[in-house]
Amino acid sequence: MALTSEATTVWNGPLATGSGNVTLDSSHAAEFPVNWKARSEGAPNTTNPEELLGAAHSACFSMALSLALAEAGHTPESIQTTAAVTFQPGVGVVGSHLLVNARVPGLTAEEFEVIAEDAKVNCPISKALTGIPITLEAELA
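Every value quoted in this text rests on a predicted model; they were computed, and no experiment measured them.

*Asks:* Break down the packing of helix α2 (residues 49–71) against helix α3 (residues 109–122) for me, with residues and values.
*Replies:* The geometry of α2 relative to α3 is characterised by a closest axis approach of 8 Å and an angle of 130 degrees between their N-to-C directions. Compared by their axis directions, α2 and α3 come out oblique. Considering how the two elements wind past one another, α2 and α3 form a crossing that is right-handed. Seen from α2, the contacting residues are Phe-61, Ala-64, Leu-65, Ala-68 and Leu-69; seen from α3, they are Phe-112, Ile-115, Ala-116, Asp-118, Ala-119 and Lys-120. Looking at the contact of α2 with α3 residue by residue, the class counts come to nine nonpolar, no polar and two charged.

Right under this line is the structure:
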């Protein structure tokens, strides 16, 4: 059975000076302010679509890696993934870099790299992002 997840943004004003709020429909307590300055230059306490995309990519990849490790007979103790999504004004999203650190007993660095690369390719969010380069930097703790 398919699951559809939703988030809602209410935007006010023109792009350069306007602002909005993103609400995750799973938890109306999770509301994030957004604006163009945060997207194009960065701003404290304000998110942007790329940060939210990074959250989705890091969560999805961590789940895909956990599954791939289990299928290879290895149970991870922990997986930490940061997805750095880059936005270039006038161009758009130009890449996502996955930085992964995991504790997986009994696994060599070489085996881990192969499994992590497979998870990167097969993560559903990675598949949705096929129009941009996705790079991976993975190491065992």
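*Asks:* Talk me through the pattern of salt bridges; I want residue IDs and the actual numbers.
*Replies:* Following the criterion strictly, the structure yields two salt bridges and no others. The partner of Arg-39 in a salt bridge is Glu-50, with the nearest N and O atoms 2.7 Å apart. Remark: Glu-50 occurs in helix α2 and Arg-39 occurs in helix α1 (residues 36–40); sequence separation between them is 11 residues. The class of Arg-39 is partly exposed, set by a relative accessible area of 29%. Classification of Glu-50 as buried rests on a relative accessible area of 5%. Lys-120 is the partner of Glu-117 in a salt bridge, and the nearest nitrogen-oxygen pair spans 2.9 Å. Taken as a pair, Glu-117 and Lys-120 lie in helix α3 at a separation of three residues, close to a single helical turn. Residue classification places Lys-120 among the buried residues on the basis of a relative accessible area of 14%.

*Asks:* Could you give an account of the sheet that holds strand β6 (residues 134–140), with specific residues and numbers?
*Replies:* An order of β4-β5-β6 is seen for the three strands of this open sheet, with the pairing classed as mixed. At either margin of the open sheet sits one strand with a lone partner, and together these are β4 (78–88) and β6. Mean inter-strand twist for the sheet, computed between neighbouring axes without regard to direction, equals 15 degrees. Contacts from α2 reach β4, β5 (92–103) and β6 within the one sheet, and its direction differs from that of β4 by about 145 degrees. The strands touched by α3 within the sheet are β5 and β6, with β6 carrying the most contacts at an inclination of about 150 degrees.

*Asks:* Outline the nonpolar core, listing residues and values.
*Replies:* Judged by nonpolar contacts, the single largest core of 20 residues is most densely connected at Phe-61, Leu-65, Leu-69 and Phe-112. At six residues, α2 tops the list of elements feeding residues into this core. Ignoring anything within four residues of it in the chain, the contact list for Leu-69 reads His-74, Pro-76, Ile-79, Val-104, Leu-107, Phe-112 and Ile-115.

*Asks:* How would you summarise the packing of aromatic side chains if you had to cite specific residues and measurements?
*Replies:* This model, assessed by the stated rule, comprises one aromatic pair. Seen in terms of ring centroids, Trp-36 and Phe-87 are 6.0 Å apart; in terms of plane orientation they differ by 85 degrees. Their pairing is edge-to-face. Of this pair, Trp-36 sits in helix α1 while Phe-87 sits in strand β4, placing them 51 residues apart in sequence. For Trp-36, a relative accessible area of 24% translates into the label partly exposed. Judged by relative accessible area, which is 18%, Phe-87 ranks as buried. Just above the ring of Phe-87 sits the side chain of Arg-39; from NZ or CZ to the centre is 4.2 Å.

Rules used throughout
Numbering of residues starts from 1 in each chain and follows the order in which that chain's sequence is written. With the structure being a predicted model, the display of local features is reserved for residues of pLDDT at least 70 and the display and counting of side-chain atom pairs for 80 or more, all residues being used for whole-chain, interface and lining totals. Calculated side-chain values reflect all of the structure's heavy atoms, with hydrogen atoms and water omitted. To define axes, lines are fitted to C-alpha atoms, for helices over the stretch in contact only, and angles between the resulting N-to-C directions are given on a 0 to 180 degree scale. Helix and strand assignments come from DSSP, with helices taken as H or I runs of at least 4 residues and strands as E runs of at least 2, each series counted from the N terminus. Angles are sorted into four bins: roughly parallel if under 35 degrees, roughly antiparallel if over 145, roughly perpendicular if 65 to 115, and oblique for all others. Take the far helix as the reference: if the near one is turned anticlockwise from it by less than a right angle, the crossing is left-handed, and if turned clockwise, right-handed. Any two residues whose heavy atoms approach within 4.5 Å are treated as being in contact. By the convention adopted, Pro, Cys, Tyr, Trp, Phe, Met, Ile, Leu, Val and Ala count as nonpolar, Lys, Arg, Asp and Glu as charged, and the other residues, Gly among them, as polar. Any Lys or Arg side-chain nitrogen located within 4 Å of an Asp or Glu carboxyl oxygen qualifies as a salt bridge. Only protein chains enter the accessibility calculation, which uses a 1.4 Å probe. A residue is then buried if its area is under 20% of the maximum for its type, exposed if over 50%, and partly exposed in between. Two strands qualify as a pair provided that DSSP identifies no fewer than 2 bridges between them. Among the buried residues, those of types Ala, Val, Leu, Ile, Met, Phe, Trp, Tyr and Cys that are joined through side-chain atoms within 4.5 Å form a nonpolar core. Pairing of aromatic side chains here covers Phe, Tyr and the six-membered ring of Trp, requires ring centres within 6.5 Å, and sorts the geometry by plane angle: under 30 degrees stacked, over 60 edge-to-face, intermediate tilted. The rule is short: NZ of Lys or CZ of Arg within 6 Å of the ring centre and within 35 degrees of the ring normal puts a charge over the ring.

None of the figures reported here should be taken as evidence of function without further support.
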